[in-house]
Amino acid sequence: MPDRSLNKKFEMIKPGNVFLAIVAICITVQSKAQINPYNYHSQKKITCKKGAVISAHPLASQAGVQVLKEGGNAVDAAIATQLALAVVYPGAGNIGGGGFMVAHLKTGKNVSIDYREMAPSKASRDMYLDAGDNPQMDLSQNGHLSSGVPGTIAGLFASHQYGKLPFEQLIQPAIDLAENGFVITAAEASSLNHNRDEFIKLNTQTPAFVKTIPWKAGDTLIQNDLANTLKRIRDNGAKGFYTGETARLIVEEMQRGKGLISYEDLVNYKAAERTPLIFPYKGFSVVTMPLPSSGGIILQQALGMLENRNIGKMKFQTAASVQLMTEVERRAYADRAEFLGDPDFVKVPVKTITSKKYLTDRMKDYIPNKAGSSTQTSHGIVTESDETTHLSVIDGDGNAVAVTTTLNGGYGSHTVVGGAGFLLNNEMDDFSVKPGVPNMYGAVGNENNAIAPGKRMLSSMTPTIVLKNNQPYLVTGTPGGTTIPTSVLQTIVNVIDFGMNADDAVNKPKFHHQWLPDVIEVENNFDPLVVQQLKAMGYTVKQRGRIGRTELIMVKNKNIVAVGDSRGEDDAEGF
Ligand code: DON
């Protein structure tokens, strides 16, 4: 594939300047040798010593590893990877969405940063109900009205306090990729073509993702407006997004499309440093995301309900082990629907619902070999007042970072901010639009997750680090909406209880249960005999396409093994 930026360099050569030009070309070739946006492929696994990055796109993983090689730490690499994803993986990578970072630093400190989107100040509880009280999910899922106030850029700057390199250096690969373009794969071309009608319908100005003729593999995607937005962020910091030109463009876009995000909403947005959720499991320590993600709590509840039942002895994906996991998932998701919401707005009894006694009580009606029922088993009793992306990073100093970030659905709201070149999220759909009405992932909720101005919508994202002797052992997470916590659960149990290697822990078939609907979903390649046995116990089992795109780093005997999920074009890089 031709390197177009080299052509630009050749244009500058004048006779008296030949030596200088050759030096310039060599420097270009050297730095381009690390990231060549016109020729790349996805590598599923790497074993290395000094550092690794796994993400949904090879160019983003390479941007992260380049930063590690330049002396950055895992936090720096995670920032550079996210910014590159915002360019090369527009379906989910973003600056117009939000996410969560969980880190274990070499000092021993565990960190979690919440940069979840917030409801705009003009949002209200029933904003997606029509006059007859009927939910209008089209509005919570598509276009201007579906967007929450973006959190990603605030989150990256909040994370940066734990990095080492200047932000300008971390954002430059993303700027280059946006400005010079990158070659798209067949899957990316088909995804852009598939979303063409939505891009046209839901935008007030034609975005870079729409061409007159269909995209094909090998085409170059150039995003000049996005490059300029990234430059404003490089030059002005978070203010380059939340104030001035970028903020003005967002507000104008909202006005053109009847959205709610105001200039004040942008100026007032703050990322929040939260206390990470940390709990023991069989001698390991699990560090994960607290509220407003439900993911960490579901993981803690599920592992807590499994811990004394020796699932390892039941073996991987036997009817017995799948049934047990299904029943703990049912109970955790019933609690999610009842209790969980933004902790800045509602009181959530986290301590109680994750306590040993409560979790033991929750499993009292579990009967081996007999299907439970979501009508009989609802939430516990407390007595007191399709698109996201994950990246895992580790460096040679023992810093580990897990980040899951999202626009919510693929390409979010499908609305690109005119003149600013980035997609806005459709995260408002993660609120409970009306009690009991399922969102696009089938999740139900009640008042605790109702819409209110400035409130953060509940999430399932579960970036997680498992520590062994207080050192990073697993760094993991995945996209997949409500299947996220159950995929992370399976990945951890696959390694700790079933003794799997990293490859198998990621790539073996996955399954999922979320209380409502009362169905076990299994991937198409799930063992049909086990499906039969589960049906015989009384379960409804439904086959479905892939579940998640799990990224897993495992550290074993000082070797880093990084595995990107074969379910997507995920890529592991390291050195
Ligand atoms: O925060 C959440 O739980 C959802 N917005 C995540 C969406 C997602 O994972 C889509 N990916 N396939």
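Quick caveat, the model's predicted, so the values are computed rather than measured.

As for the nonpolar core
In a soluble, globular protein the nonpolar side chains are often hidden away together inside.
Right, on to step 1. Grouped together as the largest cluster of nonpolar side chains are 85 residues, with contacts concentrated most on Leu-303, Leu-306 and Val-493.
Right, on to step 2. Top element by residues in this core is helix H16 (residues 319-339). It accounts for 10 residues.
Right, on to step 3. When residues of this core are assigned to domains, at least three map to each of domain 1 (4-98 + 111-271 + 396-449) and domain 2 (274-388 + 460-574).
Right, on to step 4. Val-53, Tyr-115, Ala-227 and Val-393 belong to the second largest nonpolar core, which has 80 residues in total.

Quick notes on the domain arrangement of the protein chain
Where interface size is given, it is often the accessible area lost as the parts come together that is meant.
Right, on to step 1. Each assigned domain of the protein chain is listed with its residue range as follows: domain 1 (4-98 + 111-271 + 396-449) and domain 2 (274-388 + 460-574).
Right, on to step 2. Taken together, the contact between domain 1 and domain 2 spans 53 residues of the former and 53 residues of the latter.
Right, on to step 3. Buried surface at the junction of domain 1 and domain 2, both sides included, amounts to about 4,200 Å², of which 52% is carbon and sulfur.
Right, on to step 4. The tally of links between domain 1 and domain 2 comes to 2 salt bridges.
Right, on to step 5. The partner of Asp-503 in a salt bridge is Lys-45, and the shortest N-O contact between them spans 3.0 Å.
Right, on to step 6. Counting only elements with at least two residues in the side of domain 1 that touches domain 2, the list comes to strand E1 (45-48), strand E2 (51-55), helix H3 (58-69), strand E4 (110-115), helix H8 (186-194) and strand E11 (400-406).
Right, on to step 7. Grouping the amino acids of the side of domain 1 that touches domain 2 by side-chain chemistry returns 22 nonpolar, 24 polar and 7 charged.

So, H8
Right, on to step 1. Among all positions in H8, only Glu-188, Ala-189 and Leu-192 are buried. Looking straight down H8, one finds that the buried residues subtend no more than 100° of arc, so they occupy a single side. Residues of H8 that are exposed and point over 90 degrees away from its buried face: Ala-186 and His-194.
Right, on to step 2. Structurally, H8 contributes buried residues whose contacts are with helix H4 (74-88), strand E5 (182-183) and helix H9 (196-201).

Some words on the sheet that holds strand E16 (residues 541-544)
Right, on to step 1. Within the open sheet, the 3 strands sit side by side as E14-E15-E16. Their pairing is mixed. With partners counted over all chains shown, the strands left at the sheet margins are strand E14 (511-512) and E16, one partner each.
Right, on to step 2. Sheet topology note: the E14/strand E15 (residues 520-523) ladder contains 2 bridges and is antiparallel. Considered in E15, the bridge of His-512 is made with Glu-521.

Section: the pattern of salt bridges
Right, on to step 1. Evaluated as defined, the whole model comprises 29 salt bridges.
Right, on to step 2. The residue Arg-116 makes a salt bridge to Asp-430 at a minimum N-O spacing of 2.7 Å. Like Arg-116, the residue Asp-430 is buried in the burial classification.
Right, on to step 3. The salt bridge partner of Asp-497 is Lys-282, with a shortest N-O separation of 2.4 Å.
Right, on to step 4. Owing to a relative accessible area of 30%, Lys-282 belongs among the partly exposed residues under this scheme.
Right, on to step 5. Three or more residues are tied together by salt bridges with common partners; here these are Glu-327, Arg-330, Arg-331, Asp-365 and Asp-518.

A word on the sheet that holds strand E3 (residues 98-104)
Right, on to step 1. On the basis of which strands lie adjacent, the open sheet formed by 7 strands has the order E7-E4-E3-E11-E10-E2-E19 and antiparallel pairing. Each edge of the sheet is formed by a strand with only one pairing partner; in this case those strands are strand E7 (272-274) and strand E19 (571-574). Put simply, the sheet's adjacent strands are angled 15° from each other on average, direction ignored.
Right, on to step 2. Of the strands in this sheet, E2, E4, strand E10 (388-395) and E11 touch H4, which is tilted by about 150° from E10.
Right, on to step 3. Running at roughly 160° to E4, helix H6 (residues 152-160) makes contact with E3, E4 and E11 of the sheet.

Section: helix H21 (residues 528-537)
Right, on to step 1. Among the residues of H21, those classed as buried are Val-530, Val-531, Leu-534 and Met-537. Angular distribution of buried residues about the axis of H21 spans 115°; they occupy a single face of the element. Seen from the buried face of H21, the exposed residues on the opposite side, beyond 90 degrees, are Pro-528, Gln-532 and Ala-536.
Right, on to step 2. Looking at the buried residues of H21, the elements they touch are H16, E15 and E16.
Right, on to step 3. The residue sitting at the N-terminus of H21 and contributing the capping side-chain oxygen is Asp-527; that oxygen lies 3.0 Å from the backbone nitrogen of Leu-529.
Right, on to step 4. Following H21 by one or two positions, Gly-538 adopts a phi angle in the positive range, close to 115°.

Focus: the site of the ligand
Right, on to step 1. As a structural note, the neighbourhood of the ligand is formed by 16 residues, with Thr-388, Glu-427, Asp-430, Ser-460 and Gly-481 the closest of them.
Right, on to step 2. Note that a nitrogen atom of the ligand is positioned 2.7 Å from one of the side-chain N or O atoms of Asn-408.
Right, on to step 3. In the environment of the ligand, an oxygen atom lies 2.6 Å from a nitrogen or oxygen atom belonging to the backbone of Gly-481.
Right, on to step 4. Contact with the protein chains removes 97% of the 340 Å² of surface that the ligand exposes when unbound.
Right, on to step 5. Of the residues in the shell around the ligand, the class split is 4 nonpolar, 7 polar and 5 charged.
Right, on to step 6. Each of domain 1 (4-98 + 111-271 + 396-449) and domain 2 (274-388 + 460-574) accounts for three or more of the residues forming the shell around the ligand.

Here we look at the pairing of strand E18 (residues 559-564)
Right, on to step 1. Here E18 lies mainly inside the structure; 5 of its 6 residues are buried.
Right, on to step 2. Bridge count for E1 against E18 is 4 bridges, and the pairing is antiparallel. From the neighbouring strand, Thr-47 faces E18, where its bridge partner is Val-561.
Right, on to step 3. In the sheet, strand E17 (residues 551-556) pairs with E18 via 6 bridges, with the strands oriented antiparallel. Paired with Met-554 across the two strands is Val-561, which belongs to E18.
Right, on to step 4. Counted between consecutive antiparallel strands, the loop separating E17 from E18 contains 2 residues, among which Asn-557 sits at a positive phi close to 50°.

The rules behind the values
- Residues numbered from 1 in each chain as written.
- Predicted model: local features only at pLDDT ≥ 70, side-chain atom pairs only at ≥ 80, totals over all residues.
- Heavy atoms only, no water.
- Core = buried A, V, L, I, M, F, W, Y, C linked by side-chain atoms within 4.5 Å.
- Buried < 20%, exposed > 50% of the residue type's maximum accessible area, 1.4 Å probe, protein only.
- Helix = DSSP H or I, 4+ residues; strand = E, 2+ residues; numbered from the N terminus.
- Domains from an automatic or database assignment.
- Contact = heavy atoms within 4.5 Å.
- Buried area = accessible area lost by both parts, 1.4 Å probe.
- Salt bridge = Lys/Arg side-chain N within 4 Å of Asp/Glu carboxyl O.
- Nonpolar A, V, L, I, M, F, W, Y, C, P; charged D, E, K, R; others polar.
- Arc of directions from axis to C-beta.
- Pairing = 2+ DSSP bridges.
- Axes fitted to C-alpha atoms, helices over the stretch in contact; angles between N-to-C directions.
- Polar contact = N/O pair within 3.5 Å; in protein donor to acceptor, adjacent residues only side chain to side chain.
- Near = heavy atom within 4 Å.
- Areas by Shrake-Rupley, 256 points an atom, 1.4 Å probe, with all protein chains shown as cover.

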